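Chain and residue survey
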Amino acid sequence: MDKAILEQAKQLERGTVEVFSRQELAEKLAKAGQQKKQLRIKLGLDPTSPDIHLGHTVVLRKMRQFQDIGHKAVLIIGDYTARIGDPTGQDKTRPMLSQQQIEENAKTYLAQAAKIIDISEDKLEIRHNSEWLEKLTAMEIIQLASKKTVSQMLQRDSFKKRLKADEDVYMHEFIYPLMQGYDSVVVKSDVEIGGTDQTFNNLVGRDIQRAYGQDTQVVITMPILVGLDGKEKMSKSKNNYIGVTDETAEMFGKVMSISDEMMENYFTLLTDFPAEKIAELVDSEKTHPKKAKVLLGKTIVSIFYDKAAAEEAEAQFENVFAKKQMPDEIDEIEISAEPVMASKLLLYCKLVETGGEGKRMIKQSAVSIDSKKISDPNLKITPRDGMIIQVGKRRFAKLLVK
């Protein structure tokens, strides 16, 4: 096989967990090169929340690698499958979302994904799976369901665990992976990318393509990015995430908060540094951990903003944390002098996105008012001029009483 193709395959396999199969990937790359055609690289995203965090960008970055060597990304917004609810990794049935929730969440997806992938017309195709799934007749859904057996579906770990615990598994949860697989048939996917939590669904896609007489897609699984807590998958619901729309200082500060042991994972999955360089950066005898972490933080901020913003974020971090000073500039919020509940005050100051997040942060002792921590979300605060509200280590607001 051509040496250039083998090198492409090697680069695309970097940072992956599994490739089903490596030989098929190399063969597809070679055939595409000979025929001067683009491979179709599928990634499905269910808009179950409005924001994308760095965990999502791991698969987006792999998709960008395919784009950079000439192939076409097919981004599927799962506006239909999101209504069903992906059972992946769930120890109980995931609630169905309303169409309004899905539409609102989907609005921000492309703008955020564009920070990573190439959105030019020849490199990206965007589809909503409601285009075809809504049109399926009852008979067509039955025919689709006939492509897999119940025993095959029960191989999914989450189903096994629930059945063992005598918890219900609903029929519609079997439908989800079948419909995700049918997406691959409709868009004629050559390669599907997903996290390791999507391995079952994506391999079902291979089976469904085979059943419909298509060439089977290569499935590439990517590692799950660990959240800031160093324990669980990065997730907004667990409040252990770095959002792609976080402000620069917030983004940099969050990176600086990760443990030294997590740096190799972050460098590998979120940057383009070669493996040899990463090995040097995470070796404390060759690179001081703080120096490596600063480089990681600046690199990540530069990806979503620019180098100047990264330098400024580093300087602000040094001022606030290394020198234990307040930021040079704090957003000023006009407010009346009327007493207000602490959790609502955070929301009013735009230091949290929801009242629930405000209550959670207060209960976690992550909120200070004039440098004094508070623990009661229902505490009544009487605003005064110059009062400083702080959430976590990086979010500040100064009150201006009207």
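Structure's up top.
Residues numbered from 1 in each chain as written. Predicted model: local features only at pLDDT ≥ 70, side-chain atom pairs only at ≥ 80, totals over all residues. Heavy atoms only, no water.

Notes on the pairing of strand β3 (residues 72-77)
- Of all 6 residues in β3, 6 are buried, a share of seventy percent or more.
- Relative to β3, strand β2 (residues 40-45) runs parallel, the two sharing 6 bridges. Each residue of the ladder has a partner; that of Lys 42, found in β3, is Val 74.
- The sheet contact formed by β3 and strand β4 (residues 124-128) spans 5 bridges and is parallel. Residue pairing for β4: Val 74 is matched across the bridge by Glu 125. (Buried < 20%, exposed > 50% of the residue type's maximum accessible area, 1.4 Å probe, protein only. Helix = DSSP H or I, 4+ residues; strand = E, 2+ residues; numbered from the N terminus. Pairing = 2+ DSSP bridges.)

Remarks on the sheet that holds β3
- The strand order β1-β6-β5-β2-β3-β4 describes an open sheet built from 6 strands, whose pairing is mixed. Unpaired on one side and paired on the other, β1 (18-20) and β4 mark the two borders of the sheet. Across the sheet, the mean angle from the axis of one strand to that of its neighbour is 20°, orientation sign disregarded.
- Most of the contacts of helix α11 (residues 171-187) go to β2, to which it runs at about 145°, and overall it touches β2, β3, β4 and β5 (191-195). (Axes fitted to C-alpha atoms, helices over the stretch in contact; angles between N-to-C directions. Contact = heavy atoms within 4.5 Å.)

Concerning the pattern of salt bridges
- Applying the stated criterion across every chain, the model contains 23 salt bridges.
- With a closest N to O distance of 3.3 Å, Glu 314 and Lys 298 form a salt bridge. Here the residue Glu 314 occupies a position in helix α17 (residues 307-322), and Lys 298 occupies one in helix α16 (residues 289-304), the gap between them amounting to 16 residues.
- Several salt bridges converge on common partners, so that one network encompasses Asp 246, Glu 250, Lys 254, Glu 357, Arg 394 and Arg 395. (Salt bridge = Lys/Arg side-chain N within 4 Å of Asp/Glu carboxyl O.)

Digging into the environment of Gly 55
- Mapped onto the elements, Gly 55 comes out in helix α3 (residues 54-68).
- Linking Gly 55 and Arg 156, residues 101 residues apart in sequence, is a C-alpha distance of 23 Å.
- Residues within four places of Gly 55 in sequence aside, it is in contact with Leu 225 and Met 234.

So, the packing of aromatic side chains
- Inspection of every chain in the model, using the stated rule, returns 4 aromatic pairs.
- Consider the rings of Phe 159 and Phe 174, whose centres lie 5.4 Å apart with planes at 55°: the pair is tilted. With Phe 159 in helix α10 (residues 157-164) and Phe 174 in helix α11, the pair connects residues that are 15 residues apart, well separated along the chain. In this pair, the class of Phe 159 matches that of Phe 174, namely buried.
- When the ring of Phe 252 is compared with that of Phe 317, the centres are 5.5 Å apart and the planes differ by 70°; the resulting orientation is edge-to-face. With Phe 252 in helix α13 (residues 248-256) and Phe 317 in helix α17, this residue pair connects regions lying 65 residues apart in the sequence. Just as Phe 252 is buried, Phe 317 falls in that class too. (Phe/Tyr/Trp six-rings, centres within 6.5 Å; stacked < 30°, edge-to-face > 60°.)

Quick notes on the side chain of Gln 209
- Mapped onto the fold, Gln 209 is located in helix α12 (residues 199-211).
- Taking the relative accessible area as the measure of exposure, Gln 209 reaches 0% and is therefore buried.
- A polar atom in the side chain of Gln 209 sits 3.0 Å from the backbone oxygen of Ser 189.
- When residues no more than four places from it in sequence are discounted, the contact partners of Gln 209 are Ser 184, Val 185, Lys 188, Ser 189, Gln 214, Asp 215, Thr 216 and Gln 217. (Polar contact = N/O pair within 3.5 Å; in protein donor to acceptor, adjacent residues only side chain to side chain.)

Topic: α11
- Across its 17 residues, α11 extends 26 Å between first and last C-alpha, which sits within 8% of the 24 Å expected from 1.5 Å per residue.
- Positioned one or two residues after α11, Lys 188 has a phi angle of 55°, which is positive. (Expected span 1.5 Å × (residues − 1).)

Focus: helix α2 (residues 22-35)
- The first and last C-alpha atoms of α2 sit 20 Å apart over 14 residues, in line with the 20 Å expected at 1.5 Å per residue.
- Burial in α2 covers these residues: Leu 25, Ala 26, Lys 28, Leu 29, Ala 30 and Ala 32.
- Where α2 is buried, its residues touch α1 (3-13), β1, α3, β5 and β6 (218-222).
- Once α2 ends, the next one or two residues include Lys 36, with phi positive near 50°.

Some thoughts on the environment of Ser 237
- Mapping Ser 237 onto the fold places it in the loop between β6 and α13.
- Measuring from C-alpha to C-alpha, the distance between Ser 237 and Gly 355 comes to 14 Å, with 118 residues separating the pair along the chain.

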